Amino acid sequence: MGLELYLDLLSQPCRAVYIFAKKNGIPFELRVVDLIKGEPPEEGASLEGWGLHLDGEMMFPVFLGEPVSPQTLAATLVELDVTLQLLEDKFLQNKAFLTGPHISLADLVAITELMHPVGAGCQVFEGRPKLATWRQRVEAAVGEDLFQEAHEVILKAKDFPPADPTIKQKLMPWVLAMIQ
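Here's a quick rundown of the structure.

So, how was this worked out
Residues numbered from 1 in each chain as written. Predicted model: local features only at pLDDT ≥ 70, side-chain atom pairs only at ≥ 80, totals over all residues. Heavy atoms only, no water. Axes fitted to C-alpha atoms, helices over the stretch in contact; angles between N-to-C directions. Helix = DSSP H or I, 4+ residues; strand = E, 2+ residues; numbered from the N terminus. Parallel < 35°, antiparallel > 145°, perpendicular 65-115°, else oblique. Left-handed = near helix turned anticlockwise from the far one by under 90°. Contact = heavy atoms within 4.5 Å. Nonpolar A, V, L, I, M, F, W, Y, C, P; charged D, E, K, R; others polar. Phe/Tyr/Trp six-rings, centres within 6.5 Å; stacked < 30°, edge-to-face > 60°. Buried < 20%, exposed > 50% of the residue type's maximum accessible area, 1.4 Å probe, protein only. Patch = residues over 30% accessible without salt bridge, like charges linked within 9 Å, V, L, I, M, F, W, Y side chains within 5 Å. Areas by Shrake-Rupley, 256 points an atom, 1.4 Å probe, with all protein chains shown as cover. Salt bridge = Lys/Arg side-chain N within 4 Å of Asp/Glu carboxyl O.

Two measures define how a pair of helices packs: the angle their axes make with one another and the distance between the axes. Relative to each other, helix α4 (residues 105–119) and helix α6 (residues 144–155) sit at 40 degrees, their axes nearing to 9 Å. Overall, the two elements α4 and α6 adopt an arrangement that is oblique. α4 and α6 meet at a crossing whose hand is right-handed. Contacts from Ile111, Thr112, Met115, His116, Val118 and Gly119 of α4 reach α6 at Phe147, His151, Ile154 and Leu155. The residue inventory of the contact of α4 with α6, partitioned by class, reads six nonpolar, four polar and no charged.

Pasting the structure below:
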């Protein structure tokens, strides 16, 4: 049996693994897991890496069809701006990629993180030419088709219908605690 990857392409780490495996010609069988719908992975699959990070405050309400309070949105955007500045100043600096002249897994993890708020409608790269140029280099390095393929689901997230009421009811206390 070959490598089986249990991935939900709404997950940033899953998209990074997907891009890495495809770009490096690692043969695998994709087992799609839809955690938002509550689908459990098959036995033996690992859920490590699943999680919404900085942008969880924006994405979960998008998935659940709930509005984000102006205070939460403002605080999240300030935090995002600080994170983007840190990424530019401390990690990217004047390098082509985060770790030097060649793309690395660090770039894939970072870009998939940043595409999450893009999927929620945030213009993460607007007004940040260094970051926008880095994104273009990452996309060119992995190939535009693969980049778009990996991020297709997240870029359409804001167009999803609201979550099933049963799932919404299960997730709502956790989401409300997170966004307050």
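Summed over all chains, the structure comprises one aromatic pair. Taking 5.9 Å as the distance between ring centres and 75 degrees as the angle between the ring planes, the aromatic pair formed by tyrosine 18 and phenylalanine 28 counts as edge-to-face. With tyrosine 18 in helix α1 (residues 12–23) and phenylalanine 28 in strand β2 (residues 28–32), the pair connects residues that are 10 residues apart, well separated along the chain. Tyrosine 18 gets classed as buried once you look at its relative accessible area, which sits at 6%. With a relative accessible area of 23%, phenylalanine 28 lands in the partly exposed category.

For the rest of this paragraph, the subject is a nonpolar patch on the surface. A cluster of nonpolar residues, Leu3, Phe20, Ile26, Leu105 and Val109, forms a patch on the protein surface that exposes about 380 Å² of accessible area. The topology assignment puts leucine 3 in strand β1 (residues 3–7).

Turning next to the pattern of salt bridges. Applying the stated criterion to the full structure yields seven salt bridges. Ionic pairing is found between glutamate 4 and arginine 31, a salt bridge with its closest N-O pair at 3.6 Å. Of the two residues, glutamate 4 sits in strand β1 while arginine 31 sits in strand β2, which places them 27 residues apart along the sequence. Given a relative accessible area of 18%, glutamate 4 falls into the buried group. For glutamate 139, the salt bridge identified is with arginine 135, shortest N-O distance 3.7 Å. In this pair, glutamate 139 and arginine 135 both sit in helix α5 (residues 129–142), four residues apart, roughly one turn of the helix. Several salt bridges converge on common partners, so that one network encompasses Glu4, Glu29 and Arg31.

Purely geometric stuff here, so don't read any function into it on its own.
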